[in-house]
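Topology and contacts: notes
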Amino acid sequence: MEIQAERQRQEQRTSHGNGAQGHATPRRDENEAPNEYACPITMDIMVDPVLAMDGHSYERAAIENWLRQSQKSPKTNALLPSKMLLPNHALRGMIIEWRERRQAAGS
């Protein structure tokens with residue numbers, strides 16, 4: 001029931017445009033992952049996202065490999081103040097939720 005209500009709200013938003021410009025919001029395939037779910041290094045959907053000190057999230061294995069060879073951000077090329085990585089639990093939860101919805105829809 002909640003999923004159906006959310007879909008109706010999304011359809012209403014896309015059919016009414018964005019208000020200020022009067023343009024319809026581009027409709028994205030519900031099975032298509034948001035760009036934020038893809039690791040900027042591998043371009044694959046992340047499984048174990050971590051937050052680097054540049055403020056961006058990466059797949060843990062990809063950024064660990066990157067940091068073995070560089071002290072710079074793969075996104076900004078700026079020197080990182082630290083090579084510390086923090087688990088991005090919020091992003092991981094959103095990716096898991098997206099995968100479960102996609103699986104439930106039979107994709």
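Sequence order as written defines the numbering, with residues in each chain counted from 1. Only residues with pLDDT of at least 70 are given local features in this predicted model, and only at 80 or more are side-chain atom pairs given and counted; all residues enter the totals for whole chains, interfaces and linings. Here the side-chain values reflect all heavy atoms present in the structure, with hydrogen atoms and water set aside.

Some details on the pattern of salt bridges
Note on pairing: side chains with opposite charge can pair once their charged atoms come close. The cut-off we apply is this: One side-chain nitrogen of Lys or Arg within 4 Å of one carboxyl oxygen of Asp or Glu is enough to make a salt bridge. Helix and strand labels come from DSSP, where a helix needs a run of H or I of at least four residues and a strand needs a run of E of at least two; each type is numbered from the N terminus. A 1.4 Å probe rolled over the protein chains alone gives each residue an accessible area, and that area as a share of the maximum for its type sets the label: buried under 20%, exposed over 50%, partly exposed in between.
Applying the stated criterion across every chain yields a total of three salt bridges. Where E64 meets R60, a salt bridge forms, and the shortest distance between an N and an O atom there is 3.9 Å. Remark: R60 and E64 occur in helix α2 (residues 60-69); sequence separation between them is four residues, near one turn of the helix. Assessed through its relative accessible area of 24%, R60 is described here as partly exposed. Two residues, R101 and E97, come together in a salt bridge whose shortest N-O distance is 3.5 Å.

As for the environment of A78
This is how it is decided: Whether two residues are in contact is decided by their heavy atoms: any pair within 4.5 Å suffices.
Within the secondary structure, A78 sits in the loop between α2 and β3 (86-87). The spatial distance from the C-alpha of A78 to the C-alpha of D54 is 8.0 Å, given a sequence separation of 24 residues. Here A78 is in contact with Q71, K72 and S73, once residues within four sequence places are set aside.

Quick word on the packing of aromatic side chains
Spelled out, the test is: Between 30 and 60 degrees the pair is tilted, below 30 it is stacked and above 60 it is edge-to-face, where a pair is any two Phe, Tyr or Trp rings, Trp via its six-membered ring, whose centres lie within 6.5 Å.
Under the counting rule described, the total for this entry stands at one aromatic pair. An angle of 70° between the planes, with centres 6.1 Å apart, marks the rings of Y37 and W98 as edge-to-face. With Y37 in the loop between α1 (2-16) and β1 (49-51) and W98 in helix α3 (residues 89-104), this residue pair connects regions lying 61 residues apart in the sequence. Residues Y37 and W98 agree in their burial class; the two are buried.

Overview of the sheet that holds strand β2 (residues 57-59)
Here is the rule: The pairing criterion for strands is at least two bridges between them, as found by DSSP. The axes are straight lines fitted to the C-alpha atoms, using for helices just the contacting stretch, and the angles between their N-to-C directions are given from 0 to 180°.
Pairing within the open sheet is antiparallel, and its three strands lie in the order β2-β1-β3. A strand with exactly one partner marks an edge of an open sheet, and here the two such strands are β2 and β3. With two bridges connecting them, β1 and β3 associate as antiparallel partners. What sits directly across from L51, in β3, is L86. Most of the contacts of α2 go to β2, to which it runs at about 95°, and overall it touches β1, β2 and β3.

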